[in-house]
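# Residue-level structure breakdown
Listed below, chain by chain, are the residues.
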Amino acid sequence: MMFIKSTAPFGSPLAGLPFLRDAASRRASSWDRTGGNADFVTVAPGDTALLGDLAGPGCVRHIWITSNSADPDSLRKIVLRIFWDDEPTPSVECPLGDFFGVGHGRVNHFSSLPVNMVTGPRVIGDNRAAMNCFFPMPFADSARIEVRNDSDLPVDHFYFNIDYETYASFDERLGRFHAQWRREIPTEAVLNTSAPTDRPGMSGSSPTFKQDQVYPEKNLSTDHNYLILDAGGWGHYVGCVLNVTNINAFHQGQSWFGEGDEMIVVDGEPWPPRLHGTGTEDYFLAAWGYPGRYSMPYHGVTCGDDSWTSAGQWSMYRFHVEDPICFRESIQVTIEHGHANSQSNDYSSVAYWYQSEPHKPFPAFSIGD
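All values derive from a computational prediction rather than experimental measurement. Here the residue numbering is sequential within each chain, running from 1 through the sequence in written order. Two thresholds apply to this predicted model, a pLDDT of at least 70 for residue-level local features and 80 or more for giving and counting side-chain atom pairs, whereas whole-chain, interface and lining totals are computed over all residues. Only heavy atoms go into the side-chain values, all of them from the structure, while hydrogens and water stay out.

### Some details on the pattern of salt bridges
- Any carboxyl oxygen of Asp or Glu within 4 Å of a side-chain nitrogen of Lys or Arg constitutes a salt bridge here. Under the defined criterion, the tally for this structure stands at 16 salt bridges.
- Here arginine 81 and glutamate 93 are joined by a salt bridge, their closest N and O atoms 3.4 Å apart. Of the two residues, arginine 81 is situated in strand S5 (residues 78–84) and glutamate 93 in strand S6 (residues 92–95); the sequence distance between them amounts to 12 residues.
- By relative accessible area, which is 17% here, arginine 81 ends up buried.
- Between buried and exposed lies partly exposed: a residue is buried under 20% and exposed over 50% of the maximum accessible area for its type, with that area taken using a 1.4 Å probe on protein chains only. Taking relative accessible area as the criterion, glutamate 93 reaches 10% and is therefore assigned buried.
- Taken together, the shared-partner salt bridges connect Arg81, Glu93, Arg144 and Glu146 into one network. Elements are defined by DSSP. Helices are runs of H or I of four residues or more, strands are runs of E of two residues or more, and each kind is numbered from the N terminus.

### Concerning a negative patch on the surface
- A cluster of like negative charges, contributed by Asp53, Asp86, Asp141 and Glu172, occupies part of the molecular surface.
- Mapped onto the fold, glutamate 172 is located in the loop between strand S12 (155–166) and strand S13 (176–184).
- Judged by its relative accessible area of 63%, glutamate 172 falls in the exposed class. Patch rule: a residue counts if its relative accessible area is over 30% and it has no salt bridge; like charges are joined within 9 Å, and nonpolar side chains (Val, Leu, Ile, Met, Phe, Trp, Tyr) within 5 Å. Only the protein chains shown count as cover for residues, with accessible areas throughout obtained via the Shrake-Rupley method and a probe of 1.4 Å. Counted as positive: Lys and Arg. Counted as negative: Asp and Glu, with His and the chain ends omitted from the count. The atom standing in for a charge is NZ when the residue is Lys, CZ when it is Arg, CG when it is Asp and CD when it is Glu.

### Some details on the environment of methionine 296
- Turning to its location among the elements, methionine 296 is positioned in the loop between strand S18 (294–295) and strand S19 (299–303).
- Along the chain, methionine 296 and serine 112 lie 184 residues apart, while their C-alpha atoms are 5.6 Å from each other.
- Residues count as neighbours in contact if any of their non-hydrogen atoms are within 4.5 Å of one another. Contacts of methionine 296, omitting those with residues within four sequence positions, involve Ser111, Ser112 and Tyr317.

### Examining the pairing of S5
- In terms of residue burial, S5 counts as a mostly covered element, since seven of its seven residues are buried.
- Here four bridges tie S5 to S6, and the two strands are oriented antiparallel to one another. Among the inter-strand pairings, leucine 80 is bridged to a residue of S6, identified as cysteine 94. Note: two strands are recorded as paired if DSSP finds a minimum of 2 bridges between them.

### A word on unusual backbone geometry
- With an omega dihedral of 5°, the bond running from glycine 56 to proline 57 counts as a cis peptide bond.
- That bond from isoleucine 185 to proline 186 is cis: its omega, -5°, falls within 30 degrees of zero.
- In this structure, proline 186 sits in the loop between S13 and helix H3 (211–214).
- Although it is not a glycine, aspartate 86 adopts a positive phi angle of roughly 60°.
- Among the structural elements, aspartate 86 can be located in the loop between S5 and S6.
- Positive phi, normally seen in glycine, also occurs at aspartate 267, with a value near 55°.

Structure representation (structure tokens):
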């Protein structure tokens, strides 16, 4: 039988299904090699568990993980790392829960196209969930996937399935998948003493004010913005998860961080940046604040509430699946922390992108305090 290699193996999920694939489907998993039901591995404090040592050419198509630990913050202390083609430093390095869309070491039930979590009343209080990733991750020679336990307590049960394909040859047009964690705690508030401390129209449950009266500060620079991604090479940025612990009350008790604009500088171009947005909730494809938690294929809020003060912990995602942001030399993805960087809060993020190797060195990994 003659096999015809698909000309679009990474095309539309539904439109590409009829194309017969010249590929071998494989899986690396934690199944019990004795034939029993202990289909998990344990990871002692400080240890690293190898999930997959895959030979290429190939592509990771799906990752499913779930875990259990007595440490309530384990999903921020388990670090996922992925290395492509025997590279010395990882192309993916971030806390497990954040990678799958929810920050703060927590879980929530939500659905997006690239990542999701499945949980419910029986286990959500224990921070347990099934976590899925559908980002395609091509590799030419090899892929090494591992997790490191940075907790003082063991990971008692760590289950995983890694579904991947192997091919006879590799298409050199394919970039490598990257995911990078960053955190700034606290963000440095830029004070503007000319701004009034008594701002009209900020009371009540809805914004009935003129924006230039409530937010008169000016910012024409990315210098003090929160940095989501600083990458070099040829590639495209495909989205992020942004986490905010909103600890800095704004004027009149308001602590809304959503007026912070995203500013994305491509290939070192001078001001103004090629992509300049209109506010944090606008970048994450909402408006007039957030309606609480919700999930859609490319954007949503996985942690948060619907109060106008917007205090507490928030996680939100925006995936550029239909609108990737391309760069030839470099990209800096930044966002203001509050309008004109007026708030001092706990910001953290995971950025996702594809690029040719080698990649720019990652900052030293630390989950912070």
